[in-house]
Amino acid sequence: MSTSGPNPPGPPQVRSLNCPGCGAAITLRSLSQAVTVVCDHCHSILDAQDPRLTILQKFKAAVDEDPPLIPLGTRGKIRGTDYEAVGFQRRTIHVEGVSYSWHEYVLFNPYKGFRYLTEYNGHWNDTSTLRSLPTVNNDVSPATVSYLGATYKHFQTAKAGTTFVLGEFPWQVRVGESSDVSDYVSPPRVISSERTGKEVTWSMGEYISGRDIWKAFGLQGEPPERIGVYENQPSPLSADTTAIWIAFGGFMLVLFVMMILFWSLARNEQVFQGDYKFNPNAHGETSFVTDVFELGGHTSDLELTTTSNVDNSWIYLNCALINQDTGQAYDFGREVSYYYGHDEDGLWTEGKQDDSVVIPSVPPGHYYFRVEPESDSRGGIISYSISAKRDVPQVSFFGIVLLALLVPAGLITWRSMNFEHLRWAESDYGSTGSDDDDSEDAGRPMSLGNLSGKRDDS
Amino acid sequence: MIRNLYILYGVIVLGTLAMAEYRGWSLDSVDEVKNVPRSVRDNPGSYRSVYSSYHHYTGGK
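Residues numbered from 1 in each chain as written. Chains lettered and ligands numbered in written order. Predicted model: local features only at pLDDT ≥ 70, side-chain atom pairs only at ≥ 80, totals over all residues. Heavy atoms only, no water.

Draft legend 1. Main features of the overall build of chain B. A tally of regular secondary structure across chain B gives 1 helix and 1 strand. When burial is assessed residue by residue, chain B has 30% of its 61 residues classed as buried. Roughly 4,100 Å² of accessible area belongs to chain B as shown, and the carbon and sulfur atoms make up 57% of that amount. (Helix = DSSP H or I, 4+ residues; strand = E, 2+ residues; numbered from the N terminus. Buried < 20%, exposed > 50% of the residue type's maximum accessible area, 1.4 Å probe, protein only. Areas by Shrake-Rupley, 256 points an atom, 1.4 Å probe, with all protein chains shown as cover.)

Structure follows, in structure tokens:
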């Protein structure tokens, strides 16, 4: 494997040669590390280890058939180390008659060796070969691999073929060669195994944003837009979901404690009670005022309850709670109505004989009620009573708060689950062809095999 | 990030609840009227409620 070694430091060196097929100039950027190099004029794959550059294969491709997004020869800093893009290949799989292709870039640093970038539908991975073998567990479904304490779930397996190459490669690259590639994911990482014959190469990729790639290589313009959800794309929400439900549990505990506190500390004090009769047939002014009563404590609510013996009738009370000291009034109207009867469906009732209203934020002071009853003039005398309680806890607020805390947590969880659903829909374990996935589908098998045919040839 | 926003949101919601319970907020509709004259106590008919033109339910099934 060509990685860091005892080579003395020095500036990157470039060797110029000529293609034996067409005579075009060929630049060798990775020098002796390159095993094969591709002539971008005649598309001959040459033996870079041979001083005569023997032609190993010639493949048909149009000029600029698949230009690399990172031009070969471009240098950039990946994880603090300078690398140069030296090779580029397109790999393709066929699933249910549809071809899916992705791109792989070979990066080279004379001291660190090779590392790789893969790109599919705007999703990028920074990839390097593993230095030790992961542990495969095929006894579970999906199968897993363990590496450095992390467990990776099998995502998919497919046969990937090389369909286009440019530049240099540290292995014997051939257009048309294929290998069995399996991906195991643990976002933001993916471990890939690539089997060619009896040889298996393991590599690890880590999801990286296109914007970071553009910045690292100083590329012009914008990176391609990401399409869909990628196999090892980190979910923007999954890490938060558990923490949000823990926070929700904490909030419920606080809510429960608050409920107990407000219930136990609320005065819930009856401050007024009056019993009255109303004759709808009487002439003259019907309005009256009650005795003055005192509301103490801090500003809080006042719950007014009206009960009446209405019997297939109604009574309506125009009420005003008036502060005798300041002249401030709280004006409201309440109706008590109760009807019942019998029809083809049986007994029915409508309304009830009591009603309550909560007057908000009433400051302390001396108050009285002005009451103006109304009712149906065909009815008889109606008895009713008015009672008022000070500082009554409102249970409805606790219900509203419960919903206000539950709904966002539920929405975040739903979005997170939907993200994972979209991810796994494209795996070997997902349901393919589901209509609801179309809008955000990244496409079938994406980055299977990040390191096509990379061999430790040394 | 989302977690922190949710915690901030939850703290605000619970703080609002505490304020609502302490100050006695209500979901019921009540109109506030300023400067009601003291003469209302002697002449209740001189005050007219904004609800006095309410259209009453007179039915049943």
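Draft legend 2. Representation of the pattern of salt bridges in the model. All names here are of chain A. For the coordinates displayed, the defined rule picks out 19 salt bridges over all chains. The shortest N-O distance in the salt bridge between E206 and R189 comes to 3.7 Å. Pair noted here: E206 is in strand β16 (residues 199-208) and R189 is in strand β15 (residues 189-196), with a separation of 17 residues, a long-range link. We classify R189 as partly exposed; its relative accessible area is 33%. (Salt bridge = Lys/Arg side-chain N within 4 Å of Asp/Glu carboxyl O.)

Draft legend 3. Up close: the interface of chain B and chain A. Each partner contributes residues to the interface: chain B has 47 residues there, and chain A has 65 residues. Each partner contributes to the roughly 4,900 Å² buried at the junction of chain B and chain A, and carbon and sulfur atoms together form 61% of this total. When contributions to the side of chain B that touches chain A are tallied by element, the ones reaching two or more residues are α1 (2-23) and β1 (31-33) of chain B. With 15 residues, α1 of chain B is the single largest residue contributor to the side of chain B that touches chain A. Within the side of chain B that touches chain A, the residues separate by chemical class into 24 nonpolar, 12 polar and 11 charged. Judged from the 3 bridges that link them, strand β22 (residues 329-343) of chain A and β1 of chain B form a sheet pairing that is antiparallel. Note on β1 of chain B: the bridge partner recorded for Y330 of chain A is E32 of chain B. (Contact = heavy atoms within 4.5 Å. Buried area = accessible area lost by both parts, 1.4 Å probe. Nonpolar A, V, L, I, M, F, W, Y, C, P; charged D, E, K, R; others polar. Pairing = 2+ DSSP bridges.)

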